[in-house]
Amino acid sequence: MDFRQLGNSGLLVSTIALGTMTFGGKDVFGNVGHTDVDGARRQVDMCLDAGVNLIDTANMYSSGAAEEILGKALAGRRDTVLVSSKVRLPMGDGPNDEGLSRRHILDQVDASLRRLGTDYLDIYHVHQWDGLTPLEETMQALDSLVASGKVRYLGVSNFSGWQLMKALCVADAHGYQRFVSNQIYYSLESRDAEYELVPASVDQGLGILVWSPLAGGLLSGKYRRDRQPEDGRHLTEWSEPPVRDEEKLYDTIDTLVEVASARGASPAQVALAYVLTKPAVASVIIGARKDEQLVDNLGAADLELSPEEVDRLDKVSAPDLIYPHWHQANLVSSRFGEADLALHRPAR
């Protein structure tokens, strides 16, 4: 297992992290898994044995049950791993039971710590944008958590490019702690993040943590033009991530399977290894309903793709250049910097 620096922080994270959305299985999360405490302990053991040092969860996964299960699975060994959790989405029916207000953040960090059975979080992510709460209030509340010792590093997830830059600007203007990580959806199925979020992360020194790098299983090799798994949930009632171009998806899967077959690897391993070649990516977060899926995914840590293999995958999955990117590519590409090339280098 390799370790990478998380952005401009001094924190080193394993290139593969364990995700816990499958823990609990309450409500809508039953679509992704029903891992209980025994199963969680087993998965944590497998990950620690493989060298994983980062486990990611969220307060709203199974309405807090995922954090409770993770806390029990880590009992007696909390300090051997980095734990990341999140705040923003609804945790009740009241008007103040969601968002990034000072009240909600301070209430929820204490609730997460209690469920996890710990007195600190290594990374605390704001889980989504809140257009009603002033960023000064949000960033000051987060800064106070670092000062108190309840949180060691701050992260952001699912912001747009302008939202991320505004939050960083507010932090800088007031001397508050900055985000060091940017947790985003990024995969061969959709490289939308390359328009703004990957370049912004490169430019601003944020380490990228990738959620759903297998597109919720679409890139596992089980989904093909001529067949879908009986237990599959995609292209049916489960729409995260949404598939906007099925033909392009299947073209990508065909190439993915060909590369994997030639390497004697699984398609999932190749898909994970591909994302790890991208700028600013520090770790990919994997979650598995079955132990054998986890074992397979962990194998991606030992797979290094050749430039030719990356190029094939780049070309088949390349996003369209939307404005102003096509205009810049036509007129000013001779002066592109590293942040620009996060979008323009692949397949151009």
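Refer to the structure presented above.
Source: prediction; values computed, not measured. (Residues numbered from 1 in each chain as written. Predicted model: local features only at pLDDT ≥ 70, side-chain atom pairs only at ≥ 80, totals over all residues. Heavy atoms only, no water.)

### Describing the pairing of strand β5 (residues 82-87)
Under the convention used in this document: Note on exposure labels: buried denotes an accessible area under 20% of the residue type's maximum, exposed denotes more than 50%, and partly exposed covers the range between, all computed with a 1.4 Å probe on protein chains only. Secondary structure counts use DSSP, requiring at least four H or I residues in a row for a helix and at least two E residues in a row for a strand, with both numbered from the N terminus. Any two strands between which DSSP finds at least two bridges are classified as paired. Handedness rule for crossovers: strands pointing away from the viewer, path from the first strand over the helix to the second running clockwise, crossover right-handed.
β5 sits mainly inside the fold: six of its six residues count as buried. Of the strand pairs in this sheet, strand β4 (residues 54-56) and β5 are connected by three bridges, and their pairing is parallel. Counted as the bridge partner of L54 is L82 from β5. Since β4 and β5 lie parallel, the crossover through helix α2 (residues 65-73) that links them has a hand, and here it is right-handed. Pairing between β5 and strand β6 (residues 121-126): four bridges, direction parallel. What sits directly across from K86, in β6, is H125. Taken together, β5, helix α3 (residues 102-116) and β6 constitute a β-α-β crossover, and its handedness is right-handed.

### Overview of the packing of α3 against helix α4 (residues 135-148)
Operational definition: For helices, the fitted line uses only the C-alpha atoms of the stretch in contact; every axis is such a line through C-alpha atoms, and the angle between N-to-C directions lies from 0 to 180 degrees. Throughout, the term roughly parallel applies to angles under 35 degrees, roughly antiparallel to angles over 145, roughly perpendicular to angles from 65 to 115, and oblique to all others. Helix crossings fall into two classes, left-handed where the near helix is turned counterclockwise from the far one by less than a right angle and right-handed where it is turned clockwise. What makes two residues a contact is simply this: any of their non-hydrogen atoms within 4.5 Å.
Running from amino to carboxyl end, α3 crosses α4 at an angle of 30°, the nearest separation of the two axes being 9 Å. The pairing of α3 with α4 is recorded here as roughly parallel in orientation. Viewed along their axes, α3 and α4 form a crossing whose handedness is right-handed. Contacts between α3 and α4 involve R102, I105, L106 and V109 from the former and E137, T138, Q140, A141, L142, S144 and L145 from the latter.

### Quick word on the layout of surface pockets
Rolling a probe over the atoms, with the probe sized like a water molecule, indicates the empty space that remains. Selection criterion: Here a cavity denotes grid points, spaced 1 Å and computed from the protein atoms alone, that fit a 1.4 Å probe unable to get out, and a pocket denotes an open set having protein on both sides within 12 Å along at least 5 of 7 lines; residues with an atom within 4 Å of a point are the lining. Grid points are joined across faces, edges and corners, and a volume is the space filled by probe spheres set on the points. Throughout this entry, Asp, Glu, Lys and Arg are counted as charged residues, while Ala, Val, Leu, Ile, Met, Phe, Trp, Tyr, Cys and Pro are counted as nonpolar. The remaining residues, Gly among them, count as polar.
Approximately 320 Å³ is the volume found for the second largest pocket. Top element by residues in the lining of the second largest pocket is helix α7 (residues 246-263). It accounts for three residues. A class-by-class count of the residues in the lining of the second largest pocket yields five nonpolar, four polar and seven charged.

### Section: helix α10 (residues 307-317)
Where we set the bar: Arc definition: directions from the helix axis to the C-beta atoms.
Within the sequence span of α10, burial applies to E309, V310, L313, D314 and S317. Buried residues in α10, looked at end-on, bunch into an arc of 135°, giving them a common side. Exposed positions of α10 whose direction lies more than 90 degrees from the buried face are P307, E308 and K315. Tucked into the core, α10 has its buried residues touching α7 and α8 (267-275).

### Concerning the packing of aromatic side chains
For clarity, the cut-off: Ring geometry is summarised as follows: Phe, Tyr and Trp rings, the Trp one being its six-membered ring, pair when their centres sit within 6.5 Å, and such pairs are stacked at plane angles under 30 degrees, edge-to-face over 60 and tilted between the two. Ring-over charges, as used throughout, are those where CZ of Arg or NZ of Lys falls within 6 Å of the ring centre and within 35 degrees of the ring normal.
Under the defined criterion, the tally for this structure stands at six aromatic pairs. Ring centres of F159 and F179 lie 6.5 Å apart, and the angle between their planes is 80°; on these two criteria the pair is classed as edge-to-face. Of the two residues, F159 is situated in the loop between β7 (151-157) and α5 (161-174) and F179 in strand β8 (residues 179-185); the sequence distance between them amounts to 20 residues. One exposure class covers both F159 and F179, and it is buried. Grouping aromatic residues by their ring pairs yields a cluster made of W129, F159, W162 and F179. Over the face of the ring belonging to Y120 we find R152, whose NZ or CZ atom lies 3.7 Å from the ring centre.

### Observations regarding the nonpolar core
Here is the rule we go by: The definition of a nonpolar core used throughout is a set of buried Ala, Val, Leu, Ile, Met, Phe, Trp, Tyr and Cys residues joined through side-chain atoms within 4.5 Å.
Counting 92 residues, the largest nonpolar core has Y124, L142, L164, F179, L219 and V270 as its most contacted members. No other element matches the seven residues that α8 contributes to this core. In this view, F179 contacts V126, M139, L142, L154, G155, V156, L164, A167, L168 and L206; residues no more than four positions away in its chain are not counted. Grouped together as the second largest cluster of nonpolar side chains are 11 residues, A17, L82, I123 and V180 included.

### Considerations on the pairing of β6
Counted residue by residue, β6 has six buried out of six residues, so it is predominantly covered. Where β6 lies against β7, five bridges are found, and the strand directions are parallel. Residue H125 lies in a different strand from β7, and its bridge partner there is G155.

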